[in-house]
Amino acid sequence: MLFCTYNIHYGVGSDGKYDLARIADIVAQADIVCLQEVTSGWKQNGFVDQTVEIAQLLNRYHWYHGAMEADASEVGADGRIVNRRRAFGNAVLSRWPINWARGHLLPKTELVNCFDLQRGFVEAAVEAPSGSLRVYSAHLSHVGPQQRLPQVEALMKTVLDAERTGPPWDAAGGDTFMFQERRPDVPRPAIVAGDFNFTPQHPEYPLVCGEMSAYGRLGTKLHLADAWSVAGNAEDGVESIPNEGRIDHVCVTHDLAPRVEKAWIDHNVVASDHWPLFVEFDL
């Protein structure tokens, strides 16, 4: 299975060009893709839903959550309201069905004279041929650890407590209720990926992939395994965005770590200000 995470910079490349087709081409071979900085309903690009457009180009299942959301409505010449919402968030694309999905908001603290925006992550259960997987597409704040540390805690709590939280619904509705589907499963294996905006040298990293658990009940077992390191890659000088180091990550639960075969960053593309990170699994 080929996995990819890619911050697409709302479709604008390092060359200043807007082109979703070339983004689709870059990730076309991946079976599951996590995207960040995805938009829908923005006037600057014709109100397009970028997740839908990329998924249609690739013929993929998809789910999008716009953590930052605002009005983009207009009133036509005839006085009729054209109701639109503009959003900025994360998406999961999959070659296989997405059994269920939900969007989560990350903690946000108001800042003065410093731009930031509401962040979030997608949680999706993908029905892969080898078995179901939980897939998380996340984008944390760029501002600094003061914003990211609470976000890391919230993200990890969701990932680690998934079985206790359960799926989006439990059991089934009564005979007179329209909702009759059985309770879906919560897969144990998980891939947590995205633009974390921190490198392995930042204080947030050990809370995700450190040697000591941030939650005492887990003892000394690692939270998650960093697929980049598991694949045997060196760390020195590695970048997923120019001049900022390796801030895009793919982290996995320990049952998936032995399945990581290789990981690489494609530095030969200019479709975003980030470079895509690929991980190949033996699944």
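Every chain begins its residue count from 1, and numbering advances along the sequence as written. Residue-level local features of this predicted model are given only where pLDDT is at least 70; pairs of side-chain atoms are given and counted only at 80 or more, and the full residue set underlies all totals for whole chains, interfaces and linings. Each side-chain value is derived from all of the structure's non-hydrogen atoms; neither hydrogens nor water enter the calculation.

Caption draft 1: A look at the state of the cysteines. Sulfur atoms of two cysteines make up a disulfide when they are within 2.5 Å. Scanning the model with the defined rule gives 0 disulfides in all. Summary of cysteine pairing: Cys 209 is not part of a disulfide, and the nearest cysteine sulfur, belonging to Cys 251, is at 3.4 Å.

Caption draft 2: A look at empty space enclosed by the protein. Think of a 1 Å grid over the protein atoms and nothing else: a 1.4 Å probe that fits but is trapped marks a cavity, an open set flanked by protein within 12 Å on at least five of seven lines marks a pocket, and residues with an atom within 4 Å of a point count as lining. Grid points are joined across faces, edges and corners, and a volume is the space filled by probe spheres set on the points. One pass over the structure, following the stated rule, counts 1 cavity of 30 Å³ or more. What the largest cavity holds in volume is close to 40 Å³. Around the largest cavity, the lining residues are Glu 37, Ala 67, Phe 88, Gly 89, Asn 90, Gln 118, Arg 119, Gly 120 and His 139. If you tally residues by element for the lining of the largest cavity, the top one is strand β6 (residues 85-94), at 3 residues. In this text, helices come from DSSP runs of H or I with a minimum length of four residues, and strands from runs of E with a minimum of two, each type numbered from the N-terminal end.

Caption draft 3: Spotlight on the pairing of strand β9 (residues 131-139). In terms of residue burial, β9 counts as a mostly covered element, since 7 of its 9 residues are buried. Should DSSP find at least two bridges between two strands, the strands are regarded as paired. Pairing between strand β8 (residues 120-128) and β9: 9 bridges, direction antiparallel. Bridge pairing in β9 places Ala 128 opposite Gly 131. Linking β8 to β9, which pair antiparallel, is a turn of 2 residues. Each residue is assigned to one of three classes by its accessible area relative to the maximum for its type, calculated with a 1.4 Å probe on protein chains only: buried under 20%, partly exposed between the two thresholds, exposed over 50%.

Caption draft 4: Region of the structure containing the packing of aromatic side chains. Two rings from Phe, Tyr or Trp (for Trp, the six-membered ring) form a pair when their centres are within 6.5 Å of each other. A pair whose planes differ by under 30 degrees is stacked, one over 60 is edge-to-face, and the rest are tilted. Per the counting criterion, the structure on display carries 3 aromatic pairs. Where Phe 121 meets Tyr 136, the ring centres are 6.2 Å apart and the plane angle is 45°; that geometry is what we call tilted. In this pair, Phe 121 is assigned in strand β8 and Tyr 136 in strand β9, connecting sequence segments 15 residues apart. Of the two residues, Phe 121 and Tyr 136, neither departs from the other in class, the shared state being buried. Between Trp 264 and Phe 278, the ring centres sit 5.5 Å apart and the planes meet at 15°, which makes this aromatic pair stacked. Of the two residues, Trp 264 sits in strand β13 (residues 260-265) while Phe 278 sits in strand β14 (residues 277-281), which places them 14 residues apart along the sequence. Of the residues examined, Trp 264 reaches a relative accessible area of 30% and is grouped as partly exposed. Two conditions define a charge located above a ring, namely a distance within 6 Å from the ring centre to NZ of Lys or CZ of Arg, and an angle within 35 degrees of the ring normal. In this structure, Arg 84 is placed above the aromatic ring of Phe 47, and the distance from its NZ or CZ to the ring centre is 3.7 Å. The residue whose ring lies beneath Lys 262 is Trp 264, and the NZ or CZ to ring-centre distance is 5.3 Å.

Caption draft 5: View of the sheet that holds β14. Spatial ordering of the open sheet is given by β3-β6-β2-β1-β14-β13, a layout of 6 strands whose pairing is mixed. Among the strands making up the open sheet, the edge pair consists of β3 (61-71) and β13. Taken over all neighbouring pairs, the strand axes of this sheet differ in orientation by 15° on average, direction set aside. Two elements, β3 and β6, share 9 bridges in a ladder whose sense is antiparallel. Counterpart to Met 68 in the pairing with β6 is Phe 88. We call two residues in contact when some of their heavy atoms are within 4.5 Å. Lines fitted to the C-alpha atoms define the axes, with helices restricted to the stretch that makes contact. Angles between their N-to-C directions range from 0 to 180 degrees. The sheet contacts of helix α1 (residues 20-27) involve β1 (2-7), β2 (32-40) and β14, and relative to β1 the element is tilted by about 150°.

Caption draft 6: Spatial organisation of the pattern of salt bridges. Criterion for a salt bridge: a side-chain nitrogen of Lys or Arg within 4 Å of a carboxyl oxygen of Asp or Glu. Evaluation of the coordinates by the stated rule reveals 17 salt bridges. Two residues, Arg 22 and Asp 15, come together in a salt bridge whose shortest N-O distance is 2.8 Å. Residue class for Arg 22 comes out buried when judged on its relative accessible area of 17%. We classify Asp 15 as partly exposed; its relative accessible area is 37%. Its salt-bridge partner being Arg 148, residue Glu 204 comes within 2.6 Å of it at the nearest N-O pair. Remark: Arg 148 occurs in helix α3 (residues 145-160) and Glu 204 occurs in the loop between β10 (190-195) and α5 (205-209); sequence separation between them is 56 residues. Residue Glu 204 shares its accessibility class with Arg 148, and that shared class is buried. Because the salt bridges share partners, they merge into one network encompassing Lys 43, Glu 74 and Arg 84.

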